[in-house]
Amino acid sequence: MSRLTLRLPETLHHQLTGLADREGVSLNQYIVYALTRQTTSAYTIVPATESPTAQMQDFQSLLEQLRSGSDEEISAVLADREVVEPEPELTPEVLARVRSVIATQKK
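Residues numbered from 1 in each chain as written. Predicted model: local features only at pLDDT ≥ 70, side-chain atom pairs only at ≥ 80, totals over all residues. Heavy atoms only, no water.

*Asks:* Any chance you could explain the overall build of the protein here in plain terms?
*Replies:* On a plain count of helices and strands, the protein comes out with 5 helices and 0 strands. Walking the protein from its N terminus toward its C terminus, one meets helices and strands in the order α-α-α-α-α. Carbon together with sulfur atoms contributes 57% to the accessible area of the protein, which is approximately 10400 Å² in total. (Helix = DSSP H or I, 4+ residues; strand = E, 2+ residues; numbered from the N terminus. Areas by Shrake-Rupley, 256 points an atom, 1.4 Å probe, with all protein chains shown as cover.)

*Asks:* Before we go on, may I ask you to explain the environment of L66 in this structure?
*Replies:* With respect to the helices, strands and loops of the structure, L66 is situated in helix α3 (residues 54–68). Under the relative-accessibility criterion, L66 is labelled partly exposed at 23%. Residues L66 and V77 lie 11 residues apart in sequence; the distance between their C-alpha atoms is 7.8 Å. Contact partners of L66, with chain neighbours within four places excluded, come to I74 and V77. (Buried < 20%, exposed > 50% of the residue type's maximum accessible area, 1.4 Å probe, protein only. Contact = heavy atoms within 4.5 Å.)

*Asks:* Can you help me understand the packing of aromatic side chains in this one?
*Replies:* Working definition: an aromatic ring pair is given by the centre-to-centre distance plus the angle between the planes. Throughout the structure, instances matching the rule amount to 1 aromatic pair. Considering the side-chain rings of Y30 and Y33, the 5.8 Å spacing of their centres and the 50° angle between planes classify their relative orientation as tilted. With Y30 and Y33 both in helix α2 (residues 27–40), this residue pair falls 3 residues apart, about one helical turn. Y30 gets classed as buried once you look at its relative accessible area, which sits at 13%. (Phe/Tyr/Trp six-rings, centres within 6.5 Å; stacked < 30°, edge-to-face > 60°.)

*Asks:* Help me understand a nonpolar patch on the surface in this model?
*Replies:* On the surface, L4, L6, L8 and L12 cluster together into a nonpolar patch covering about 370 Å² of accessible area. Within the secondary structure layout, L12 lies in helix α1 (residues 10–23). (Patch = residues over 30% accessible without salt bridge, like charges linked within 9 Å, V, L, I, M, F, W, Y side chains within 5 Å. Salt bridge = Lys/Arg side-chain N within 4 Å of Asp/Glu carboxyl O.)

Here is the structure:
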């Protein structure tokens, strides 16, 4: 654990103390909670704007090609797509399940 000395305005100190008391935790615990909540909000998923992006346009174009194509054309389009490595957090078991679901839906 790290230690931090922090100067607070008296009014903010009283507000934080009151909030901590209402939650039934120490002032230190409440401040750690509040800072954690604030910093993790930056990682919250935010919906994309309504305006289409280049990626969305590419996706829509691909869907149109797939809807109107024969099996051979669909296979050719899929063969041309960019293949990316899965994220390191995805375990082999999760990838196997996803691939199994995809294979089942192709049938």
